[in-house]
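Architecture at a glance
Take a look at the letters that make up each chain.
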Amino acid sequence: MNTQKDIIIIGGGAAGFFAAINIAEQHPELSVAILERGKEGLQKVKISGGGRCNVTHAEFIPSELVLNYPRGEKELLGPFHSFMTGDTIAWFEERGVELKIEEDGRMFPVSNSSQTIIDCFLHEAEKHNVDVLYNHSVKSIQALENNFIIETSQGEFQSQKLLIATGSNPKIWNLLEDLGHTIIQPVPSLFTFDIKDKRIKDIPGVVAKNVEIKVVGTDLESNGPVLITHVGMSAPAILKLSAFGAVELAKLNYNFKIEINFIQLDFESCLEQLKDFKQEFAKKTVVKLAQFDLPKRLWKQLVLASDISETMRWADLNKQQLEALANQLTNAIFQVTGKSTFKDEFVTAGGVDLKEVNFKTFESKRIPNLYFAGEVIDVDAVTGGFNFQNAWTSAYIASASIMPL
């Protein structure tokens, strides 16, 4: 069986659906089909944001928005001037989906359910006659002069234009490599750090609100909250480091040291403050009197690690102990021994080389009439709705660029 379509989209995720709907709406005369390998699509949309779907982030300045993309920062600046957060909000509102902003800037549907976004996409796809074909796994892609031939597990398809929105899919990357594209080797991006250390062993759930972290021996650094978990450390400061350091940390085989400043003071300033505390709280027990707004359980572990016993009072501290405590507070070294995937929201760095994509149209520079949307290209972001914003922007611009031949 050979099915001819004007435009075929491979990948029934966020970017694929968004592109298909926009193409079909702008060009009702064109036949548009989505080929999805799974028995249903939009799986990442479903689980994103703990099932609430973190649609985008309330950042409305393109030059600020791009800073959340370890790969793609330079390339996305132009596209974000064409379609970004405000356009995303308007697009969904016009289709009956209202979004809300949470304190940390993340944006969700007012319904607090990712199903709202899924229902909107399915409804729009049906309304605009998009042919959504599930269980269609792509086996091969041939690029002929004015046509693509796509062989799937359920027959052959032909189209004049092809848009690929398959996210991090090694099989599709191999097919694109066969067509002449360069694929940047994928490595995990958003992940948490595995750390075995007695200072954090018994305090999972503790959050240090504003820390500075550096990866020893590199230029990688980050700041923000850190969450101590059963296996190590997580939360924005760690995830940011994992995203911006994705390639470098993979080369280190996820075995490296981090240096944490828990209180945003340098060693000398911290030591001076500790000397003041020694006078001020002379008769009080050090362990019981958490300072610098640190959680009590974390404070206790850092004090014990400074060779200060549970019963010692501030007045009893000697010079070495004060210096050891200042060191733990401003320059604590932890050994990272591996990584864990962050929730279900697996993101990879890697994909189609950015040099081979025209960011005015998201068309391939190598193969005419071949377009990309979403994470199939070497773009990824930190957590907070930014990966979806890249999906909406790239899909929208690609859809506006695909015109009938």
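Scroll up a little and you will see the structure.
Residues numbered from 1 in each chain as written. Predicted model: local features only at pLDDT ≥ 70, side-chain atom pairs only at ≥ 80, totals over all residues. Heavy atoms only, no water.

For the structure shown, the criterion picks out zero disulfides. Not part of a disulfide, C120 finds its nearest cysteine sulfur in C53, a span of 11 Å. Owing to a relative accessible area of 7%, C120 belongs among the buried residues under this scheme. (Disulfide = S-S within 2.5 Å. Buried < 20%, exposed > 50% of the residue type's maximum accessible area, 1.4 Å probe, protein only.)

Across eight bridges, strand β1 (residues 2-10) lies against strand β9 (residues 155-164) in parallel orientation. The partner of N2 across the bridge, within β9, is E156. Across four bridges, β1 lies against strand β2 (residues 32-35) in parallel orientation. When the bridges of β2 are listed, I8 appears paired with A33. The β-α-β motif built from β1, the intervening helix α1 (residues 14-26) and the parallel element β2 has right-handed crossover chirality. (Pairing = 2+ DSSP bridges. Helix = DSSP H or I, 4+ residues; strand = E, 2+ residues; numbered from the N terminus. Right-handed = clockwise from strand over helix to strand, strands pointing away.)

Bringing a negative patch on the surface into the picture now. Residues E212, D219, E221 and E248 make up a contiguous surface patch of negative charge. Relative to the helices and strands, E248 is located in helix α10 (residues 246-251). (Patch = residues over 30% accessible without salt bridge, like charges linked within 9 Å, V, L, I, M, F, W, Y side chains within 5 Å. Areas by Shrake-Rupley, 256 points an atom, 1.4 Å probe, with all protein chains shown as cover. Salt bridge = Lys/Arg side-chain N within 4 Å of Asp/Glu carboxyl O. Lys, Arg positive; Asp, Glu negative; His and termini not counted. Charge placed at Lys NZ, Arg CZ, Asp CG, Glu CD.)

Before going further, it helps to examine the packing of α1 against helix α14 (residues 386-401). Where α1 meets α14, the axes come as close as 8 Å, and the angle between the chain directions of the two elements is 30°. With respect to each other, α1 and α14 are oriented roughly parallel. Where α1 crosses over α14, the handedness of that crossing is right-handed. Residues A14, A15, F18, A19, N22, I23 and Q26 of α1 form the contact with α14, whose participating residues are F388, A391, W392, A395, Y396, S399 and A400. Looking at the contact of α1 with α14, its residues break down into 11 nonpolar, three polar and no charged. (Axes fitted to C-alpha atoms, helices over the stretch in contact; angles between N-to-C directions. Parallel < 35°, antiparallel > 145°, perpendicular 65-115°, else oblique. Left-handed = near helix turned anticlockwise from the far one by under 90°. Contact = heavy atoms within 4.5 Å. Nonpolar A, V, L, I, M, F, W, Y, C, P; charged D, E, K, R; others polar.)

The strand order β3-β5-β4 describes an open sheet built from three strands, whose pairing is antiparallel. The open sheet terminates on both sides in strands that have one partner only, identified here as β3 (56-57) and β4 (99-101). In this structure, β3 lies alongside strand β5 (residues 106-109), joined through two bridges in antiparallel fashion. Within β5, the position partnered with T56 by the bridge is M107.

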